[in-house]
Amino acid sequence: MKLSKQLFVTLREAPADAEVASHALMLRAGFLQQVAAGIYVYAPMLWRVLQRIEGIVRDEHDRADCQEMLMPAIQPRDLWEESGRWDRYVSEGILFHFKERKGGEVCLGPTHEEVITNYVKASVQSYKQLPVTLYQIQTKFRDEIRPRFGLMRGREFIMKDAYSFDTSEEAMVESYKTMRQVYRNIFTRCGLRFTPVEADSGAIGGSGSEEFMVDADTGEDAIAVCRATGYAANLEKAKSRIPAPAACGEVLAMHKEPTPGATTCDALLEMFPELPMTRLLKTILYHVSYDVDTLAARDGVEASTVATEGVVAVMCRGDRELNETKLTNHLCALKVELASEDEVKAATGADVGYAGPIGLSADVRLFADESVNGVEGFLCGGNETDTHYLDVHFGRDLDQPETADFGTVQAGDLVVEAGTGDVPADAAIEITRGIEVGHIFQLGTKYSESMSASFLDVDQKQKPIWMGCYGIGVSRVAASAIEQNHDDAGMIWPLEIAPYACLMVQMKVGDEAQDALCQKIHDELTAAGVDVLWDERKKVRPGAKFKDADLIGIPLRIVVGRDAADDQVEWSPRVGGDDAKEVITSADAIERVVTACRDAGRR
Ligand code: ATP
Ligand code: MG
């Protein structure tokens, strides 16, 4: 392909609002154009990358006997009412939804569990038709709160979503394991360094779930990892063993103390320097919107008896933080957010900063994080402005509230298994960051039951189908490849997903020897099945060609210049700088390109 025939525009500077490298470089290289927040034109060069990623995704799915299909982007509200997800997605604000001419309501699909379950329900009758795994590569729509970082978090983006259908739980787990391997293969072939982590299942629901995280400091997700055990979990889900609280010493009677203006743990520590942080218990108030149907089903009560909203209070040790995802799951909530100032006043009778477990308004449910276990003689809010209680004991001064794991793992915590079996007693957790490029779930029968997708089993009984679902953010994969592989001069594409395998830079266009040699290299590479981009722009100086070459990051590079008459070219790969440069014959250069493509599995 000749570069002069392409629409190819690069910018000297990235627009100021591009915060991460992949976004900035893609804009500079003309790969992207923003049309609206989180909505982009994928320019031809980027489209080639996306198609290569899709090619790998297809290839690995097809090898695992998955079948490709295509579902509609527009989905009727009725289907989402059947699964019970409409209200949740609307209240989260994720769903693009609108009225139809005839009055019905539809949404632009953010995901496709409903449509596929409905399809399989109509198509599968017998155990003989199972297992099957179906997938599609399609545009998804999500009205994200903060679309940002270019392709990382779009409002319209490309996703591969797959769904497995099985006759039993064990069979579902087998399908899940197969897909886990498919995912490993895909991200390895895309040239990414990644970590599979235990994950929260979020709004999709179901049990087991793992995310595939591309290791990157700019990643939006925090991950808890333990080098000693290989444990890796999204911070939303991670568990740890936390340091024990300091012992209490002398047991004193509970008493109230004036604490004017002390609304933070730090301020309280200044007032009571002898108190260790582990003996301060904070009480945090949240406004909760409940997932009424799910909650009613869980508790076995009528949905009409369940409140839609409410305020809860959660206690937690001073040196620990609460985890809103864990809280949301435990409460069966659609969402939890910090209570407003008015709600705090109504619940505690005090200004913000003095909430505590004793004397809270009766309509506020009280919970505690596991970090309070074993804490004695603690300080807590007095539910009175400028006042705290000291020397409080659970069991003596108040009952310990319902306690569960609501805490956020911190760097330095021990892994849960520390000191058991072969695991060292000091096996600790580090916090790293990553970009979620894939997410796999065991859904169980959540959708098949709510939408009545069943099959007739060997024993002639109707049973719900066991499902799994598996997503990959195809456009996000492209962005994460650049997050991991770039330098100041530009992008560095992993060979298998690069827009072209090879860039040939011609120094002087019109020079007879160079024209002829370039044509020969171009034709031979093309005949060998290698896509080569030939920079034969006449009016562009060599310096500018090299700048563009570095920016667009095609990994293999051949420079044809002065020595063309002697059949010599410069081998000048994108990475390695001057050290990697070599003068070689054109045949050697072709051989190197073909071999590199074959070794990388670029087809
Ligand atoms: P996130 O937590 O990043 O919002 P998610 O958990 O909501 O993502 P899933 O529903 O698991 O996403 O979607 C499957 C995959 O689609 C994700 O692993 C991610 O790679 C990709 N993805 C999700 N949301 C976006 C988005 N707004 N833009 C680009 N890719 C996305
Ligand atoms: Mg996810």
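This one's a predicted model, so the numbers in the text were calculated from it and none came from an experiment.

## Side note on the overall build of the chain
Secondary structure assignment for the chain yields 15 helices and 31 strands. Each of the three principal axes of the chain carries a C-alpha extent, and together these read 95 × 65 × 55 Å. Within the span of the chain, comprising 603 residues, buried residues form 52% of the whole. Summed over its atoms, the accessible surface of the chain is roughly 26900 Å², and 50% of this surface lies on carbon and sulfur atoms.

## Digging into the nonpolar core
Met 26, Phe 31, Phe 187 and Trp 493 are the most contacted members of the largest nonpolar core, which has 63 residues in total. In terms of residue count, helix H2 (residues 44-63) provides more of this core than any other element does, 7 residues in total. Taken together, domain 1 (44-217 + 435-479) and domain 3 (500-600) each give at least three residues to this core, which thus spans both. In this structure, Phe 31 is in contact with Met 26, Val 41, Tyr 42, Ala 43, Met 45, Leu 46, Val 49, Met 491, Trp 493, Pro 499 and Ile 552, ignoring residues within four places of it in sequence.

## Quick look at the coordination of the magnesium ion (ligand 2)
Protein ligation of the magnesium ion (ligand 2) involves Glu 436 (OE) and His 439 (ND1), the donor distances falling in the range 2.2 to 2.3 Å. A relative accessible area of 22% means that Glu 436 is categorised as partly exposed. Among the residues examined, His 439 registers a relative accessible area of 11% and is labelled buried.

## Details of the sheet that holds strand E18 (residues 378-381)
Across the sheet, 3 strands lie side by side as E13-E19-E18; this open sheet has antiparallel pairing. The two strands at the open ends of the sheet, each matched to only one other strand, are strand E13 (255-258) and E18. Each neighbouring strand pair of the sheet contributes to a mean axis angle of 35 degrees, computed without reference to strand direction. Taken together, the 4 bridges between E13 and strand E19 (residues 387-392) define a ladder with antiparallel strand orientation. Residue pairing across strands places Pro 258 opposite Thr 387, the latter belonging to E19.

## Some details on the domain arrangement of the chain
We note that the domain assignment places domain 1 (44-217 + 435-479), domain 2 (255-403) and domain 3 (500-600) within the chain. Summarising the inter-unit geometry, the C-alpha centres of domain 2 and domain 3 are found 66 Å apart.

## Observations regarding the site of ligand 1
Neighbouring ligand 1 are 14 residues, the closest being Arg 142, Glu 144, Arg 153, Gly 154 and Glu 436. A distance of 2.7 Å separates a nitrogen atom of ligand 1 from a polar atom in the side chain of Glu 144. The backbone of Gly 473 places a nitrogen or oxygen atom 3.3 Å from an oxygen atom of ligand 1. Broken down by secondary-structure element, the contributors of at least two residues to the shell around ligand 1 are strand E8 (156-166) and strand E21 (430-444). Of all the elements, E21 adds the most residues to the shell around ligand 1, at 4 residues. Broken down by class, the residue content of the shell around ligand 1 amounts to 5 nonpolar, 4 polar and 5 charged.

## Things to note about empty space enclosed by the protein
A complete count under the given rule lists 1 cavity of 30 Å³ or more for this structure. Each pocket or cavity is described by its volume, and for the largest cavity that value is around 80 Å³. What lines the largest cavity is Val 20, Phe 149, Met 152, Arg 153, Thr 218, Gly 219, Glu 220, Asp 221, Gly 434, Ile 435, Glu 436 and Arg 476. Examining the composition of the lining of the largest cavity, we find that 3 residues originate from one element, E21, more than from any other. Of the residues belonging to the lining of the largest cavity, the class tally is 4 nonpolar, 3 polar and 5 charged.

Criteria and cut-off values
Residues numbered from 1 in each chain as written. Chains lettered and ligands numbered in written order. Predicted model: local features only at pLDDT ≥ 70, side-chain atom pairs only at ≥ 80, totals over all residues. Heavy atoms only, no water. Helix = DSSP H or I, 4+ residues; strand = E, 2+ residues; numbered from the N terminus. Buried < 20%, exposed > 50% of the residue type's maximum accessible area, 1.4 Å probe, protein only. Areas by Shrake-Rupley, 256 points an atom, 1.4 Å probe, with all protein chains shown as cover. Core = buried A, V, L, I, M, F, W, Y, C linked by side-chain atoms within 4.5 Å. Domains from an automatic or database assignment. Contact = heavy atoms within 4.5 Å. Donors = N, O, S within 2.8 Å, 3.2 Å for Na, K, Ca; no water. Pairing = 2+ DSSP bridges. Axes fitted to C-alpha atoms, helices over the stretch in contact; angles between N-to-C directions. Near = heavy atom within 4 Å. Polar contact = N/O pair within 3.5 Å; in protein donor to acceptor, adjacent residues only side chain to side chain. Nonpolar A, V, L, I, M, F, W, Y, C, P; charged D, E, K, R; others polar. 1 Å grid on protein atoms, 1.4 Å probe; cavity = no way out; pocket = protein on both sides within 12 Å on 5 of 7 lines; lining within 4 Å. Points joined across faces, edges and corners; volume = space filled by probe spheres on them.

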